[in-house]
Structure formats: C-alpha cells, structure tokens
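Geometric and topological summary
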Amino acid sequence: MSIMDVRLAVEALDAQLGDPYSSANACSWEQLCRNDEAGERPHEAEAVLKEIGVAKAFVPHEFNGLLLQLDRLGHLLRAVFRRDPALGLGFGVTSLMAAATIWTAGTAEQKERAAELLISGGQIAVAFHELAHGNDFGANEVTAWPSESGFAFAGNKSLINNADRAELIVVHARTSKNPVNHSLFLLDRTKTAFPAGDYWRTVGVRGCRLSNISLEGVTLPDSALIGALDGGNSVALRAFQVTRACLPSMAVGAVDTALRTTAEFAVGRRLYGLSVAEMPYVRQSLVGVFADLVAADIFSSTAARLLHIEPNQGSLYSAAVKFLVPEVLREDINILADILGARFYLRNGKHAIFQKIMRDFPALVIGHAAQDVCEATLRAQLPVAVRMDDKPNEALQRAIFDWNIPLGKFDWATLQMGASGKSALFAALHSGIENRTSVDKELGAIFDELLDLSIWLRSTVVQMSPRERGLNGSALASAATKVYARLLAASACINRSNVCRSAGQDSGSNLIASDAWLKIALCGILGYRRFLHTDLVEQLNAVCYEEVYEELLSRLSLNSTFDSLASNMLPIYNVFSNKIKI
Amino acid sequence: MTELKVNSSELQINSSPADALEKYLGDPRNPKSPISVESLISSDLEEKFPDGSVGILNNWGVSKWFVPKNLGGELVSMADSSHLMRAISRRDLTLAIAYGKTYLGSVPVWLAGTPSMQISLADFVIGGGAVCLALTERQHGADLLNIDTGAELIGEHYSISGEKWLINNASRAGRITILAKERARSGPRSLSLLHFSKDDIVGNYKNLSKEHTLGIRAADISGFALTNALVGKDALLGEAGSGFEIIIKSLQLTRVSCCALSLGAGDHAVRIASAYIRSRYIYHRLAIDIAMVRRRLSRAALMVLIADALSTWAFKIADHNPELLVTASPVAKIMVPFLVQRAIDECEYVLGSRSYIMGSGITAPFQKISRDHRLVALFDGSTTVNLQSLIVQFRSLAAGFDKPHEPPEALFKGPNINCGLDALRLMPGTKTQDPVWSIYRSSLFTQLPQDLCKALERLHLFTKALHADMKNPVHGSIPSGAGSFSVAWRYCLAYSAASLVHAILEAPESLDAWGGSRWVIAAIDLLCNFHQNYIDSLEIDLIPELMNCLEDKKLLSLDRPAVADSL
C-alpha cells in the first residue's frame, strides 16, 4: 500500500466524518465542544465512527480487521484526533491498548472474541491503573488466586476508561507474591456481570467516562488468562510498545486542529493595521509549529515502522517517541495560545475547540507512560541504544524511510521486553547526513551540531555506570536521554527528507524534501525554539520561513492536513468510502 | 556572607500587612476557614462568583492597599500591596484576579484624576466597591490605538458609544475607567480616558453576558455596550487626548503588580507537589527518594525563587525609580508568569493523573491553579506585546550597557515616591545603563565566593553577547521577526538572573535559607542555557529546603514569611 493509498483512505474517512466546520454535523468541532461542555459522551459522533467501522483499524487482518502496518494506524486515527482527542480516546484508543495485549499473547479464541467485539463497534477496557501505584503497575495490588472454578479476585481499579460499558475488560492482577508477578485476564461482561463505580471528573477528556471498578468477589475461568500465568507484566511491556509509538502519532491530529484554528485566526485578525499573520514573529511561530508537527509525524511513524523492521530495539523507539513527541507538541500548543491571545481562553465561539485541545492534551502526555517512565526505560538501556554498525545496511534503511515500501502484517510475537542488538535509526543519523546532497552553509552548521551531540552522547554513555543510569542516577543521564531521543528524531527527519528528495513524490513530500522545512524542523529538535540563539538560527533566513509559510497557507486554504500526508479534510468526493484499508 | 550586606535595613521589606492577612485568613485547607480551598473549588465548578470571599477581604480592608496614603489608603509600597495580593493568590487565583482588578481600574485615576475624583474613588474603593478597566474590544484586542468606542464632547457631557469586551468585573463594577476615541482627533492623541460611576450614566448601558472561560471560571469576565451614553465632562482623566499616555504609564505599574498573582500560584502548586511526594510510594520507595522526581520539583522551586527575586526587583523599581519601569515592567510581566507556568508544568509531571482529576484531597486544587494561571501571561499586556516593547528599546539599551557599571546604592536611596504614582517619568530612549547590570562592577567580584563569582562571569559573558546582538540593525524593523524576539527572550533571561544576584546581595540570608550559593549558581546556569537540551543535566536538589519550608510553614520565597497552611 503506497502513501497515496493511505492518503485516500484518510480522505475517505474524513469524508465520512463530515464537515468539521458544520455545526449540524456530529463530528464537527462545535458539536464536540458542546458535548464536552455538557460533560457527556459524544454519542452521535461515536455512532458515526461505529457506522464507518473505524475500530476495524485496531484488528489484525487475519481476524477480519484492517490492521497490517502500524505506521498506517497512526495516520488513519489521526483523522479522529483532529476532530477531538477525547473522541479518539473514548471511542477507541484504550480499546487498542487492551487489544494489543490480546494480539500479543491471547489465545485464538480470545483474539476472535476481541476482534468480533471491536468490529461490531464495542469497547474493551484496559484495567491496569490503580491510583495508589500509577505508572508503577508492577506494584499493583488487585490480586487473583486459583479457586475452584478458575481465579478469584480482590481489589479495586481506578480511572478506567469505558469501564461502565466495555463488554470485555483486560484486568491486570497480582498472581504471585514472592517474587511479585502479575497476570492478565480477559473479563467477559456478558458472562460475569458487575457494575462500575462513579465517574471521575477530569479537567480534560470530559467526553470519556473514567470510573473505578471493584473486583471483589469476581471469579473468572482459567480460560480468561491472557498469556502465561505470572507473565502479565512482560506481555504489557511488549504490547504497549505498539500503543506508545502510535498514540503520539495520533496526537499529531489534535495539534493539527490547534494550528488550523490559530492560523485561521491569524490570517483573519487585523491588529496595528496588519493581519496578525503578517507579523513576522507570528508567522515564524506558526511555521515552527507546522515544522514540528511534520517532524512529530515522521518520528512516530518511523518508530512504528521500526517495530516491524527492528523489533529488538522496539522498547527504545517507542519510549523515545512517547518521551519526546507529546512534550514538543504541548510546547507548540502553548506557542499557539500566545498567538491566539484571549481567544485561547474562551469556551464559546469559533475558537473554542482550542481550549478543549489544551485541556485534553495532557491526558496524552501523562497517560499511558508518563515522560519520567519513558526516561527510565531509555536511560537504563542507553549503552544498547547507541550501539550501531559501522556500515549501514542500505536495504534496511530503505525499508525504514521509504514509506512506499510495504512492510506486510505486523507480527506481535516479535516484540521483546528489553532492547538488544544494534540501532539502525541511530546509525542512520550519520548516513543520512552523509547522503544529503548540496548541503549549504546553514544546513551544514546544523548537521555539525547534530554530529557533535552524537559524539558527546556516545562518549558520555560509555563513561556512565549502571547506577548512574538508574532511577536514582545522575542528571547527566537525563540529559543524555533527551539528546538520544532528539537525535533519533533528527535521524528520522533527515532520512525521510532524503527519500522524499530522491523520489520527488507529491505535495506532502515536496515540503519534507525541502531544505527549508528540514532546517526549521532540525532547529526545533535541537532545542526550545524560542530561546535558540546560535548564529545559525537567528540567521536562518526569512526565505526558509516564507517558503514553509507558503505551504502552510496553501494547506489552510485547501483544507489539507498539516501532517506529512497533506490529505484533504473536506473531500468533495465520497467514492472511496468503502475502501478504507490500512 | 555578612560582608555582602548593602543597606539591608533600609531595603528590607516590611511584610507585616501580609502577615496579618495571612493569619486572619487562616489555613486554606480547613473548610471552616474564612477562605477555604474547598469553597473556591466549588465556586469554580459552578462558575459562581465568590461573593462571600470578596466580602471577607473587604471586611479585613484589603482594598485600602489599592488607595494611596494621601487619599486615606495604605498604599505606600508596591511590595506591601503585592504581598497582600500574594496571600490571596496563593489561596485562589480567581479570587485574587477578581479582587485585584479594582486596583487596575483605579491606577489611571491616581495618576491623572482630579483631586475630587480621587477622593471620591478612594472612598468608593476603601468601601469595597469594584472598579473595572475597560480597554479591549472584540475586534482589536491589544491594539488600543485602533479601538472603535467613541466619546464625543457635547456641551457639558461626553456621549460614549461602543462595546468593551472581555472585561474583568464589567458587570459587577460600580465604576468604570474606559478608553475611548475622540472623533475630532486623530493618532495616539485621539484617545481619552474617562472615569465615572455607572449610576451617573444617562442613556443606554447594557451588560454583555458572562464569557465562559478555560480558567477563572467563577470570575465576571464580560463586557458592556454603551449607546449614546452621557456622562459629565468632568469624567475626563488628564487632558483630552492623553488617554493613551496615561494607560501606558498605568500598565507599567499594573504589569508589575501581576507578579503577585503568579507568585502565589507558584507557591501553591509547588507546595501541593512537595506534600504529595512525601507520602507517595512508588517503585518500592517514597517518591521523595527518587532523584528524577527530586530534580523536577527542585527545578520548579528554582523557577519560583527566580520569579520572586525578579518581582522584588521590579517592586523596588516601581517604588523608587519608576522611570526604569520601561524595562523592569515588561521583563517582570514576561518572565514571572513564564517561570511560574514552567514550575506548574514540572509539578504536573510529578503529580501525574492527580494533576488531571477534579477529586478531593491535597492535590485537588492543582488542576484549577494550572487553568487559572494561564491567564496571567495574557492580560494587562501579553507576552508578545511586552517582548515587542523591549525590542524597540534595544538600541538605546545596548548603548547604555557600554557605559561604566555604577553601584546601585544611590539608585535606591532616594525617598519613596509613593509607588511611582506621583512621578511617572517615562523615559524611553534613555541612554544610561540599566542598574540591573551593576552586578558586573569589578569591585563586586572580589566580595563573592569563588564559585558564585565564576557563575557571575558566565552570566556576564552571556549578557555581553546579548547586548552585542541587540545592536544588530536587523532589530529595527517593526513588527519584528522571530530573531528579534529570541534576543528579547534572552534579555529577559539575563535580566532575571541579574535581579536574582541583586536579591542575594541585599539579603544574603536568603542564600542560606535555600542551601547556600549552589542554588543561585544553578539558577544562573539554568537561565543562561534555557535553549539547550542539556538543561536536564542541572544537578540541583532543593528538596531539603523545600521540606523545611513546608514544615516551618513558610512561603516559597527568598524571605520566607510565615504562612498559615497545613500543607
């Protein structure tokens, strides 16, 4: 499936979601803001997703779903996140997290049951979270022990999305004491009825229903066990690599809408005799966010592709994406808020979706492994992370960065808990820079800075003791972790840009192929853009910004998305509506 | 460290009114206290204005500190008034913003009103009346020169028509200070400021409905429309056509007063996160025993301390040398909310899902602080507006920087000139050196501990490079590009670091209260390297001092006054 096919699939989905500007439409920003304001589930919008069969995207091909390639999953679901991150989370993404554990370790029967439920538009809840332990699910206290009819349970889960309605629930429970080990169970509500507790009120994602569940007195048959007894944490740590790479890719959609809302305002608003967008600072800020958004797409999509290609490094790539992308995008939302001025603060009116995204977004940042958890995963494994071959394997690199090369169906069994082997993405930073042709002075200076950082990182990591890399290790390891994640992102951007250059594919690719975008994106990756003060940035000439701004304006006027697909959000045709495939 | 003392007796801040208010208001965690966190969270949820809490502040007499002494009030120093506001904002930002607005609406009258108008307003404010400041309009935002609201002098009256929008307290206020255009005039001299009581309006006045907002949900954020509304011509402030100038001067003062809002929010957020990590057990230990968590929270505390030092400097400038507000005011308005927002963000990572749920318990107020505080960077001149105001001064500031560094003592020895209210000398284009850079005078370097001295040298290099960049003619074009804005950000970073050095020179005991000079060095390095990835490599641990602060019931600030708080 080529990139063109993915774009058509996304456009088909957007066509079915309808006009986001039309207040009568269930999947419009105005309606979704109304649902949020009322603190209610967006039932009508969910019905549309159900009708379209969006959840098929979560189900592997062999179980009658559409899921083949993980990078496509992010691209497609991004269309839902552009409408409303809470809709994306509430309708589907927690189901995907739950399902991922089943695809990784479930029995054929469990897989079929989960697939059937998702395809019919139902939900699977993922019952891991206990308020007392948060991200540290290895300490979870809900307990299961063998009983006459299978397993008996005790304890409570908290803040579980869809616990009130999910027909299936994946329950994480402690099954051995010494050493502490957990197992996963698939609870089928049609067989084991029990009520969910009261809803939690949250500052954002108010359309989601997060509630507590009590497992006291629940018993489940042996067949409910997902994977091996006491193997639950291993299953989760493997399966969640997929969702940790894909969730930030979907989150790009939320920032797409934040950027669109702000850019529309800036173009239309006149201050001091100019339109706001004519002010160079505003224009350059918009361009910076646009460039970051494309880079975030490329980095998360590359990590998703790498889960197919280099699964032995999957724990690193997924953690690096979840570590870096949400933070960068959140900073971008703050920058956009500065431009939007007082409008970012209003819950009514045509910019109201912005404050909703601002409230919803932290759920994507703190949820499903917060930054510190990802950092801990990365810092512990830094020596493996920076291990690379001297000579890059060109076919391998091609498969990673040429998105037209199909990867086939994802094999969930290949996921590994810890990283091993060598890192193709890290090595590709060097080859990507070497392969870049006609490098001008500015780009050369940026490349030099990246290469210096890479040298610094490798020499720093070599000198670091395991203790230093631990949870109670040094600040230097934190810095090294951040540099590592940023270098991976830079590597993805440079190599993807090189591929787009040689292929010269289409509008989205033209931007990525350009020096202008690459320079601005890499400067963003090198640090907080607002404070950059190396010569190269201040002199990063206006021509670069203007070139990328032209593209931004063109996408705004054509209702095209700001991500690497540049798909049309308001397609005038509907002929592909039955052909959604990913 | 005593050798560093520079007339500290004279410069010491008398914080007793804030102490008294703090005692009066009591422990905000106790639902029975006059102003409790619990009641303010519920007023936020219900979007119900906290009338009861405003009444309590009025009973105590907080609004006296909005009124100059010569008019019967207590306003003598910006620091005193701001510390009072901080005692409120550390309990609830919505309340502080709603209550403090009266000061913003009154300042133009203190600056330019007739004696009789001043006396009448003083009585009104001391009596607990609310005043709103009506500048912004739906279509023009910060672009005050292009407002549409018109005022026409007809005989003995001004006839005012137009709509003011997103006005804090517009509906509740009994008095209005409004900016309007006199049609007969053009350019900046076409704007006039008028102040009048709503009761005195003859003709059509209509409140606009409340706007629903992301934060400060309980506040009265609305507006009003006037249609040929008549007010007496004595409503005019200053001369006809001087409205813009008066507003610019007022904003220089009121922007500084906004610091108090952020400082209270910063104290509250870090206090919650600090209390949380003491009892949070995760990864087989208390969160307080995890280095990554300690660093995050230490960075948060550091940001609040820098914000406190910068605010203290700005308050002092307002009190003693208001002509220097041209730099101090925008820098403070940019950096204090910025640093505190960063601190809040770090706390959010520490609190995880507890930063997101509207539950109960010690972390419950956090999500509200985070929403409320985002507004502070926006009102009374946004970050962008303030950065631009610095950029236009680059050339003169850079020229001034080349002059010799003078010690700052002389600067602050003059009589307190009434919070800048009676002597606003606006001096844009001044070519003298900003005294904030007096920390680079060579005599100082010999007095300081060696490690601090080294950090100061790094800061000096950063400042010199910055000023060299400020001379680049590329910054002359208005509106400016991102390059100019990033230089302006760097100016703010350097200025903040310098103000921190002033703060510890004047109160060396604050060094020890926060564990010696290492935190100041960390702050300098943090500010000079804000753009870098390696910022995380900062080894900083303020947790022991932070815990002392909580246990001793002290405010998270350099001078650590007592607070009544069970957290």
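Just so you know, these numbers come straight off a predicted model, no measurement behind them.

1. Brief notes about the overall build of chain B
When you go through chain B residue by residue, the secondary structure sums to 21 helices and ten strands. A compact globule built from 567 residues would reach a C-alpha radius of gyration of about 24 Å, and chain B, at 23 Å, matches this within 12%. Expressed along its principal axes, the backbone C-alpha trace of chain B runs to roughly 75 × 55 × 45 Å. Taking all 567 residues of chain B together, the buried fraction comes to 67%. Partitioning the intrachain contacts of chain B with sequence separation of at least 6 by distance along the chain shows that 78% fall at a separation of at least 24. Each charge class in chain B was averaged separately, 56 positive and 58 negative side chains, and the resulting centres sit 3 Å apart.

2. Remarks on the overall build of chain A
A count of helical and extended segments in chain A gives 20 helices and twelve strands. Summarising its shape, the C-alpha atoms of chain A cover approximately 75 × 60 × 40 Å along the three principal directions. Counting every position in chain A, which comprises 582 residues, the buried fraction comes to 68%. Considering only contacts within chain A whose residues lie at least 6 apart along the sequence, 78% involve residues at least 24 apart.

3. What to know about the interface of chain B and chain A
Taken together, the contact pairs 72 residues of chain B with 74 residues of chain A. Here chain B meets chain A over a buried area of about 6600 Å², counting both sides, of which 58% is carbon and sulfur. The interface formed by chain B and chain A holds four salt bridges in total. For Glu348 of chain B, the salt bridge is made with Arg330 of chain A, and the minimal N-O distance between the two is 2.5 Å.

4. Focus: the confidence of the model for chain A
Summary statistics for chain A give a mean pLDDT of 92 and a share of 95% for residues scoring 70 or more. Counting contacts from residues 574-582 of chain A, a segment whose pLDDT is below 50, to residues more than four positions away or on other chains yields 24 contacts.

5. A few points about the sheet that holds strand E7 (residues 196-199) of chain A
Residues and elements named next belong to chain A. Strand order in this open sheet of three strands is E4-E8-E7, and the pairing throughout is antiparallel. Of all strands in the sheet, those bounded by a partner on one side alone are strand E4 (156-161) and E7. Neighbour to neighbour, the strand axes of the sheet diverge by 30° on average, direction disregarded. In this structure, E7 lies alongside strand E8 (residues 210-214), joined through two bridges in antiparallel fashion. Bridge pairing in E8 links Tyr199 to Ser211.

6. Comments concerning the nonpolar core
Counting 366 residues, the largest nonpolar core has Tyr484 and Trp517 of chain A together with Met335 and Trp519 of chain B as its most contacted members. Contact partners of Trp519 of chain B, with chain neighbours within four places excluded, come to Leu302, Leu305, Leu500, Ile504, Ser510, Leu511, Trp514, Ile540, Leu542 and Leu558 of chain B. In this structure, Ala144, Ile169, Val171 and Ile213 of chain A belong to the second largest nonpolar core, which totals 21 residues.

7. Considerations on the side chain of Thr257 of chain A
Residue and element names in this part refer to chain A. Positionally, Thr257 belongs in helix H7 (residues 232-268). Among the residues examined, Thr257 registers a relative accessible area of 0% and is labelled buried. Among the polar contacts made by the side chain of Thr257, one reaches the main-chain carbonyl oxygen of Arg82 at a distance of 2.5 Å.

8. A look at the environment of Ser478 of chain A
Residue and element names in this part refer to chain A. Structurally, Ser478 is set in helix H16 (residues 475-503). For the pair Ser478 and Glu375, spaced 103 residues apart in sequence, the C-alpha to C-alpha distance is 7.2 Å. A distance of 3.0 Å separates a polar atom in the side chain of Ser478 from a polar atom in the side chain of Arg379.

9. Remarks on the packing of aromatic side chains
To describe a pair of aromatic rings, you give the distance between the ring centres and the angle between the ring planes. Counting across every chain of the model gives 21 aromatic pairs over all chains. Consider the rings of Phe410 of chain A and Trp412 of chain A, whose centres lie 5.1 Å apart with planes at 80°: the pair is edge-to-face. Both rings, one in Trp437 of chain B and one in Tyr491 of chain B, keep their centres 5.9 Å apart while their planes meet at 80°; by these two values the pair is edge-to-face. Of this pair, Trp437 of chain B sits in the loop between helix H15 (409-413) and helix H16 (442-445) while Tyr491 of chain B is found in helix H18 (residues 482-506), placing the two residues 54 residues apart along the sequence. For Tyr491 of chain B, a relative accessible area of 0% puts it in the buried group. Three or more aromatic residues link up through ring pairs in this structure, and these residues are Phe401, Trp437, Tyr440, Tyr491 and Tyr495 of chain B. Sitting above the plane of the Trp403 of chain A ring, Arg496 of chain A keeps its charged end 4.3 Å from the centroid. When the ring centre of Phe124 of chain B is taken as origin, the NZ or CZ atom of Arg175 of chain B, which lies over that ring, is 5.0 Å away.

10. As for the pairing of strand E3 (residues 157-168) of chain B
Residues and elements named next belong to chain B. As paired strands, strand E2 (residues 150-154) and E3 are joined by five bridges and run antiparallel to one another. Across the sheet, Glu152 pairs through a bridge with Ser159, a residue of E3. Counting the residues that bridge the hairpin from E2 to E3 gives two residues, and of these Gly155 lies at a positive phi of roughly 60°. Bridge count between E3 and strand E7 (residues 221-232): ten bridges; the pairing is antiparallel. Following the sheet pairing, Glu163 is matched in E7 by Ala225.

11. Quick word on the packing of helix H2 (residues 16-25) of chain B against helix H4 (residues 51-60) of chain B
Residue and element names in this part refer to chain B. Where H2 meets H4, the axes come as close as 11 Å, and the angle between the chain directions of the two elements is 135°. When the axis of H2 is compared with that of H4, the two are oblique. For the pair H2 and H4, the sense of crossing is right-handed. Of H4, the residues touching H2 (which contributes Pro17, Ala20, Leu21, Tyr24 and Leu25) are Ile56, Leu57, Asn59 and Trp60. The class makeup of the residues in the contact of H2 with H4 is eight nonpolar, one polar and no charged.

12. Notes on helix H1 (residues 3-17) of chain A
Residues and elements named next belong to chain A. The terminal C-alpha atoms of H1, which comprises 15 residues, lie 21 Å apart, in line with the 21 Å expected from a rise of 1.5 Å per residue. Among the 15 residues of H1, eleven are classified as buried, and the element is accordingly described as predominantly covered. Residues of H1 that are buried include every one of Ile3, Val6, Arg7, Ala9, Val10, Glu11, Ala12, Leu13, Asp14, Ala15 and Leu17, and no others. Check the buried side of H1 and you find it contacts helix H3 (43-52) and helix H4 (70-83). Positioned one or two residues after H1, Gly18 has a phi angle of 85°, which is positive.

13. Regarding the pattern of salt bridges
Evaluation of the coordinates by the stated rule reveals 64 salt bridges over all chains. A salt bridge links Arg113 of chain A to Glu167 of chain A; the shortest N-O distance between them is 2.9 Å. Residue Arg113 of chain A is found in helix H6 (residues 108-119), and its partner Glu167 of chain A is found in the loop between E4 and strand E5 (168-176); the two are separated by 54 residues along the sequence. Salt bridges here are not isolated pairs; linked through shared partners, they connect Glu22, Arg29, Arg90, Arg91, Asp267, Arg271 and Asp565 of chain B.

14. Here we look at H7 of chain A
Quick reminder: α-helices carry 3.6 residues per turn. Residues three or four places apart thus point the same way. Residue and element names in this part refer to chain A. With 37 residues, H7 extends 53 Å from end C-alpha to end C-alpha; this agrees with the ideal 54 Å at 1.5 Å per step. Remark: the principal bend of H7, roughly 30°, maps to Phe240. Judged by how many residues are buried, H7 sits mostly within the fold: 32 of 37 residues are covered.

15. A look at the side chain of Lys316 of chain B
Residues and elements named next belong to chain B. Turning to its location among the elements, Lys316 is positioned in helix H10 (residues 291-320). For Lys316, a relative accessible area of 10% puts it in the buried group. Among the polar contacts listed, one links the side chain of Lys316 to the side chain of Glu506, at a separation of 2.3 Å.

16. Section: the environment of Val10 of chain A
Residues and elements named next belong to chain A. Of note, Val10 is situated in helix H1. Sequence separation of Val10 and Cys208 is 198 residues, and the distance between their C-alpha atoms is 24 Å. In this structure, Val10 is in contact with His75, Leu76, Ala79, Arg82, Leu565 and Ser567, ignoring residues within four places of it in sequence.

17. Some points on the pairing of strand E4 (residues 175-181) of chain B
For a regular strand, side-chain orientation follows a simple rule: the groups alternate between the two sheet faces. Residue and element names in this part refer to chain B. With seven of seven residues buried, E4 is to be regarded as a mostly interior element. Burial along E4 is two-sided: Arg175, Thr177, Leu179 and Lys181 and Ile176, Ile178 and Ala180, pointing in opposite directions, are all buried. Across four bridges, the pairing between strand E1 (residues 131-134) and E4 is parallel. Looking at E4, one finds that Ala134 is bridged to Ile178.

18. A word on the packing of helix H6 (residues 93-112) of chain B against helix H8 (residues 243-257) of chain B
All names here are of chain B. Following both chains from N to C, one finds H6 and H8 inclined at 135°, their axes separated by 9 Å at the closest point. Relative to H8, the element H6 is oriented oblique. Considering only the axes of H6 and H8, their crossing is right-handed. Side by side, H6 and H8 meet where Tyr103, Leu104, Val107, Pro108, Leu111 and Ala112 of the first sit next to Ile246, Ile247, Lys249, Ser250, Leu253, Thr254 and Ser257 of the second. Across the contact of H6 with H8, the residue classes break down as nine nonpolar, three polar and one charged.

Rules behind the numbers
Residues numbered from 1 in each chain as written. Chains lettered and ligands numbered in written order. Predicted model: local features only at pLDDT ≥ 70, side-chain atom pairs only at ≥ 80, totals over all residues. Heavy atoms only, no water. Helix = DSSP H or I, 4+ residues; strand = E, 2+ residues; numbered from the N terminus. Rg over C-alpha atoms; globule rule 2.2 N^0.38 Å. Buried < 20%, exposed > 50% of the residue type's maximum accessible area, 1.4 Å probe, protein only. Contact = heavy atoms within 4.5 Å. Lys, Arg positive; Asp, Glu negative; His and termini not counted. Charge placed at Lys NZ, Arg CZ, Asp CG, Glu CD. Buried area = accessible area lost by both parts, 1.4 Å probe. Salt bridge = Lys/Arg side-chain N within 4 Å of Asp/Glu carboxyl O. pLDDT = per-residue confidence, 0-100. Pairing = 2+ DSSP bridges. Axes fitted to C-alpha atoms, helices over the stretch in contact; angles between N-to-C directions. Core = buried A, V, L, I, M, F, W, Y, C linked by side-chain atoms within 4.5 Å. Polar contact = N/O pair within 3.5 Å; in protein donor to acceptor, adjacent residues only side chain to side chain. Phe/Tyr/Trp six-rings, centres within 6.5 Å; stacked < 30°, edge-to-face > 60°. Lys NZ or Arg CZ within 6 Å of the ring centre and 35° of its normal. Parallel < 35°, antiparallel > 145°, perpendicular 65-115°, else oblique. Left-handed = near helix turned anticlockwise from the far one by under 90°. Nonpolar A, V, L, I, M, F, W, Y, C, P; charged D, E, K, R; others polar. Expected span 1.5 Å × (residues − 1). Bend = angle between axes of the 7 residues up to and from the residue.

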